[in-house]
Amino acid sequence: MKPYRRRTSTLSVRRTLRRRGAQPKVVALGGGMGLSASLAALRRITGDLTAVVTVADDGGSSGRLREELGVLPPGDLRKALAALCGDDDWGQTWARVIQHRFQSRGEMHGHAVGNLLIVALWEQLGGDPVQALDLVGKLLGAHGRVLPMSAVPLELQALVKGHDPARPDDVDTVRGQATVALTPGEVQSVHLVPHDPPAVPEAVAAVLDADWVVLGPGSWFSSVIPHLLVPELLDALVETKARRVLSLNLAPQPGETEGFSPQRHLEVLARHAPKLALDVVLADEAAVPDASAREPLAEAAKRLGAAVELAPVARPDGAPKHDPELLAAAYDRIFRMHGRIGPWR
């Protein structure tokens, strides 16, 4: 494990890539704010970036649109598009617009502008989710492409021990991503309904064609692991010649991963996808501050075929969020230090 302390500016990274005359093809998988953090970092170091996003959300504006119109939940897709907006006035203006939520006393309350825009384009284009998202990305000037992991809405279900505090030893089936994410119990495993959801072909192709695949950070059971439950997508992740990076969260999340150590995150992932190997596990150095924490993490990573890289990736102000510049520097170092596959070498 090699702690990384030097902060590399976005401008420096981009200049280095231009001098090399090539950029890595990167695919990032996840959902919600974790994927957004990863995309905000990755767009600073490559122009060939694809996000593959979970489509099991059933809460808030997404859940209402999904229930009323039978569409894919657009919320995590919207967040990914916002994260890919540039830092110029155009990009930041559109990022704010699509993230804007209406405040009212009626049925529009809580709906995000971007959710409505995405759903409107789906209806205009006959339900083609990929073409609609490509058009939204073009409008925003997004620095990358956003794809759903499946073209059908999915339900997340979990086996949870102690979901009912009155029955702490019982294991119940908990249904719905929003409920799983907030369960007070211990999540044992998760699965999707339908059990064999079809993957979006463009997502599979992107993974197979990538130089690097980045999984995480994000809600472990409701945003990260669901990608491994789509058979065609898992097969692509196992078969791809790309290097695979798993980015750990800064800390356990209240609810689904309460009390988890860094290595337990890896053990849970391995149980859901025992054939999946990794190349690098990225962790914030403050989350594994000493040998007593680092050695078990290194052993768990080794069982997955991976090395551990430690770097300061949290915001310096102490907020429990990833810093885009620091995370970009960490990804860039990993891409440079752990070999390259593909014509961009």
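Quick summary incoming for the structure in this document. Not measured: the values here are computed from a predicted model. Sequence order sets the numbering: in each chain, residues are counted from 1 along the sequence as written. For a predicted model such as this one, the threshold for reporting local features is a pLDDT of at least 70, and the threshold for listing and counting side-chain atom pairs is 80 or more; totals across whole chains, interfaces and linings nevertheless cover every residue. To get the side-chain values, take all heavy atoms of the structure and skip hydrogens and water.

### A word on the overall build of the protein chain
Here a helix means four or more residues in a row that DSSP labels H or I, a strand means two or more in a row labelled E, and each is numbered from the N terminus. When helices and strands are tallied, the protein chain shows 14 helices and ten strands. Burial status follows relative accessibility: with a 1.4 Å probe on protein chains alone, a residue under 20% of its type maximum counts as buried, one over 50% as exposed, and anything between as partly exposed. Counting only residues that meet the buried cut, the protein chain has 53% of its 345 residues in that class. The criterion used for residue contact is that any of the two residues' heavy atoms lie within 4.5 Å. Put simply, 72% of the contacts in the protein chain that link residues at least 6 apart link residues at least 24 apart. Accessible areas in this description were obtained via Shrake-Rupley with a 1.4 Å probe; residue shielding takes into account the shown protein chains only. By element, 52% of the accessible surface of the protein chain is carried by carbon and sulfur atoms, the whole surface being about 14,900 Å². Charge centroids of the protein chain, computed over 39 positive and 40 negative side chains, lie 8 Å from each other. None of His or the chain ends enter the tally, which takes Lys and Arg as positive and Asp and Glu as negative. Taken as the charge location is NZ of Lys, CZ of Arg, CG of Asp or CD of Glu.

### Some remarks on unusual backbone geometry
Between V193 and the following residue, P194, the backbone shows a cis peptide bond with an omega angle of 0°. Positionally, P194 belongs in the loop between β6 (186–193) and α9 (201–209). Residue G216 is joined to P217 through a cis peptide bond whose omega torsion reads -5°. Considering the arrangement of structural elements, one finds P217 in the loop between β7 (212–215) and α10 (220–224).

### Here we look at the sheet that holds strand β10 (residues 307–311)
Each pair of strands is called paired provided DSSP finds at least two bridges between the two strands. Ordered by their spatial adjacency, seven strands build an open sheet running β3-β2-β1-β7-β8-β9-β10, and the pairing between neighbours is parallel. Edge strands, defined here as strands with exactly one partner in the open sheet, are β3 (145–148) and β10. The sheet shows a mean angle of 20° between the axes of neighbouring strands, direction not considered. Looking at chain direction, strand β1 (residues 25–30) and strand β2 (residues 48–53) are connected through six bridges and run parallel. Bridge pairing links K25 to D48 in β2. Orientation is described by axes fitted as lines to C-alpha atoms, over the contacting stretch for helices, and by angles from 0 to 180 degrees between their N-to-C directions. Relative to the sheet, helix α13 (residues 291–303) contacts β9 (280–284) and β10, its axis offset from that of β10 by approximately 135°. Of the strands in this sheet, β1, β7, β8 (243–247), β9 and β10 are in contact with helix α14 (residues 324–337), which crosses β9 at around 155°.

### Details of the side chain of D57
When you line up the elements, D57 lands in the loop between β2 and α3 (60–69). One buried charged residue, D57, remains without a salt bridge, the closest side chain of opposite sign being K79 at 5.8 Å. Here D57 is in contact with S62, R66, P73 and Q177, once residues within four sequence places are set aside. By salt bridge we mean one thing: a side-chain nitrogen of Lys or Arg within 4 Å of a carboxyl oxygen of Asp or Glu.

### Focus: α13
The terminal C-alpha atoms of α13 lie 18 Å apart, and with 13 residues this matches the ideal 18 Å at 1.5 Å per residue to within 8%. Positive phi shows up at G305, right after α13, with a value of about 85°. To estimate how far a helix should extend, the number of its residues minus one is multiplied by 1.5 Å.

### Remarks on helix α7 (residues 129–140)
Between its first and last C-alpha atoms α7 spans 17 Å; for twelve residues at 1.5 Å apiece the expected length is 16 Å, and the two agree. Looking only at α7, the buried set comprises P129, V130, A132, L133, V136, G137 and L140. Along the axis of α7, the buried positions cluster into a sector of 165°, meaning they face one direction only. Contacts made by the buried residues of α7 are with α4 (75–83), α5 (89–99), α6 (113–124), β3 and α9. By the criterion applied in these results, polar contacts are pairs of N or O atoms within 3.5 Å in which, for protein atoms, one can donate a hydrogen and the other can accept it, and in which residues neighboring in sequence qualify only through two side-chain atoms. A distance of 3.1 Å separates the backbone nitrogen of V130 from a side-chain oxygen at the start of α7, and that oxygen is part of D128. Starting at the helix axis, one direction is taken to each C-beta atom, and the arc is that of these directions.

### Quick notes on the packing of α4 against α5
Two elements in contact, α4 and α5, have axes whose closest approach is 9 Å; the angle formed by their N-to-C orientations is 165°. The pairing of α4 with α5 is recorded here as roughly antiparallel in orientation. Note on packing geometry: the crossing formed by α4 with α5 is left-handed. Together, R78, K79, L81 and A82 of α4 and A95, I98 and Q99 of α5 make up the contact between the two elements. Class assignment of the residues belonging to the contact of α4 with α5 gives a composition of four nonpolar, one polar and two charged. Angles below 35 degrees are treated as roughly parallel, those above 145 as roughly antiparallel, those between 65 and 115 as roughly perpendicular, and all remaining angles as oblique. Two helices that cross are described as forming a left-handed crossing if the nearer one is turned anticlockwise from the farther one by less than a right angle, and a right-handed crossing if clockwise. Under the scheme applied here, ten amino acids are nonpolar (Ala, Val, Leu, Ile, Met, Phe, Trp, Tyr, Cys and Pro), four are charged (Asp, Glu, Lys and Arg), and all others, including Gly, are polar.

### Quick look at the pattern of salt bridges
Side chains that differ in sign of charge can pair as their charged atoms come close. Scanning the model with the defined rule gives 15 salt bridges in all. With its nearest N and O atoms 3.7 Å apart, the salt bridge here joins R44 to E325. Taken as a pair, R44 in the loop between α2 (32–42) and β2 and E325 in helix α14 lie far apart in primary sequence, 281 residues in all. You can call R44 buried: its relative accessible area is 9%. Notably, a salt bridge pairs D170 with R167, separated by 2.9 Å at the nearest N-O pair. Judged by relative accessible area, R167 falls into the partly exposed class, the value being 32%.

### Overview of the packing of aromatic side chains
Two rings from Phe, Tyr or Trp (for Trp, the six-membered ring) form a pair when their centres sit within 6.5 Å of each other. Planes less than 30 degrees apart are called stacked, planes more than 60 degrees apart edge-to-face, and all others tilted. Enumeration according to the criterion identifies four aromatic pairs in this entry. Where Y331 meets F335, the ring centres are 6.3 Å apart and the plane angle is 15°; that geometry is what we call stacked. Note that Y331 and F335 are positioned in helix α14 at a spacing of four residues, about one turn of the helix. On the accessibility criterion, F335 (2% relative accessible area) is buried. Three or more aromatic residues joined by ring pairs make a cluster, and in this case those are W212, Y331 and F335.

Geometric values such as these leave the question of function open.
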